[in-house]
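# Understanding the architecture of this molecule
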Amino acid sequence: MIEIDHVRKNFGELTVLDDVSLTVNTGEVVSVIGGSGSGKSTMLMCINGLEPIQKGRVVVDGVEVHAKGTDLNKLRQNIGIVFQQWNAFPHLTVLENVTLAPRKVLGKSRDEADAIAKKQLEHVGLGDKLKVFPGKLSGGQQQRMAIARALAMGPRYMLFDEVTSALDPQLVGEVLDTMRLLAKEGMTMIVVTHEMAFAREVSDRVAFFKAGKIHEIGTPEKIFGSPDRPETAAFLKSVL
């Protein structure tokens, strides 16, 4: 499981995460909603060790992420993360982009890495794009390639950071369908999203962030149907 225990994160004098606690169990999908600048994306980067914290603990499968001596490279093999921007290598084909980390980080042979990459690209519906360069893909296809690239490392957990926010509306659905498939297959996921229909449909729980705090967390039925906090109700009224 992933445990976030009373975490505080500052950027200078600005507190971005303020005493945040959250536990995500294996096989669970937790969607994180809230306005821009509320700390949602920063929380994901703290889980993956990409940002240090000033107080509290983040523990993944019993390993304290920010403790001295933690092998972050090894830890990150179990935590896939997909950002708004896919950051592919433009001079490499789709297949080469996805095989890079298994070869360089996991030490897989070219044949092993190719087999893993082809499987994951088929998984996300890009099995016919192996030899295509990223610049020839649509935005939705590039984002699905980024998901395949993360899956090729064999992670136990997937973190999604507003992965559809940079896409044209007509391309959003194909990426969300890929994420729905992963959820159905039992992948543990934390999804920072503005897609309320997705959060309502796929999540086991939904967490509402505001000003660096989790103001409310509960089932989609509870959060969308009868939230306890007026801040939650006001946010949902503004976006639905």
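This text follows the structure it describes.
Let us look at the structure shown here. All values reported here derive from a predicted model rather than from experimental measurement.

As a further point, take the side chain of H215. Note that H215 resides in strand β10 (residues 213-218). Given a relative accessible area of 18%, H215 falls into the buried group. When residues no more than four places from it in sequence are discounted, the contact partners of H215 are F208, K210, R229 and E231.

The biggest cluster of nonpolar side chains holds 36 residues, and the ones touching the most others in it are V82, L121, I147, M158, F160, M179 and M189. At the level of secondary structure, the elements contributing two or more residues to this core comprise α3 (94-104), α4 (110-123), α5 (139-151), β7 (157-161), α6 (169-184), β8 (188-192) and α7 (196-202). If one sorts the elements of this core by residue count, α6 sits on top with 7 residues. Discounting residues that sit within four places of it in the chain, L121 has contacts with V94, L95, V98, L126, G127, L130 and A148.

Looking now at the packing of α5 against α6. Where α5 meets α6, the closest approach of the two axes is 8 Å, and the angle between their N-to-C directions is 20°. Judged on the interaxial angle alone, α6 and α5 are roughly parallel. When you trace α5 past α6, the crossing you get is right-handed. Contact residues: G139, G140, Q141, Q143, R144, I147 and L151 in α5; L171, E174, V175, T178, M179 and L182 in α6. For the contact of α5 with α6, the residue count by class is 6 nonpolar, 5 polar and 2 charged.

Bridging between strand β1 (residues 2-11) and strand β2 (residues 14-24) involves 7 bridges; their strand directions are antiparallel. Bridge assignment links K9 to a residue of β2, and that residue is L17. Linkage of β1 to β2, two consecutive antiparallel strands, is achieved through a turn of 2 residues, within which G12 is found at a positive phi near 65°.

Before going further, it helps to examine the side chain of T99. On the secondary structure map, T99 appears in helix α3. Separated by 3.1 Å, the side chain of T99 and the backbone oxygen of E96 make a polar contact. Apart from the residues lying within four places of it in its own chain, the contact partners of T99 are A113, D114 and A117.

With that settled, consider the sheet that holds strand β6 (residues 79-82). Pairing is mixed across the open sheet formed by 6 strands, whose spatial order is β6-β7-β8-β3-β9-β10. Two strands close off the open sheet at either side, each with one partner strand: β6 and β10. For this sheet the average axis-to-axis angle between neighbouring strands, irrespective of direction, equals 15°. Pairing analysis gives 5 bridges linking strand β9 (residues 205-210) to β10, with the strands arranged antiparallel. From the neighbouring strand, V206 faces β10, where its bridge partner is G218. The strands touched by α5 are β6 and β7; relative to β6, the strand with the most contacts, the crossing angle is about 165°. This element, α6, spans β3 (29-34), β7 and β8 of the sheet and lies at about 145° to β8.

Quick notes on the rules
- Residues numbered from 1 in each chain as written.
- Predicted model: local features only at pLDDT ≥ 70, side-chain atom pairs only at ≥ 80, totals over all residues.
- Heavy atoms only, no water.
- Helix = DSSP H or I, 4+ residues; strand = E, 2+ residues; numbered from the N terminus.
- Buried < 20%, exposed > 50% of the residue type's maximum accessible area, 1.4 Å probe, protein only.
- Contact = heavy atoms within 4.5 Å.
- Core = buried A, V, L, I, M, F, W, Y, C linked by side-chain atoms within 4.5 Å.
- Axes fitted to C-alpha atoms, helices over the stretch in contact; angles between N-to-C directions.
- Parallel < 35°, antiparallel > 145°, perpendicular 65-115°, else oblique.
- Left-handed = near helix turned anticlockwise from the far one by under 90°.
- Nonpolar A, V, L, I, M, F, W, Y, C, P; charged D, E, K, R; others polar.
- Pairing = 2+ DSSP bridges.
- Polar contact = N/O pair within 3.5 Å; in protein donor to acceptor, adjacent residues only side chain to side chain.

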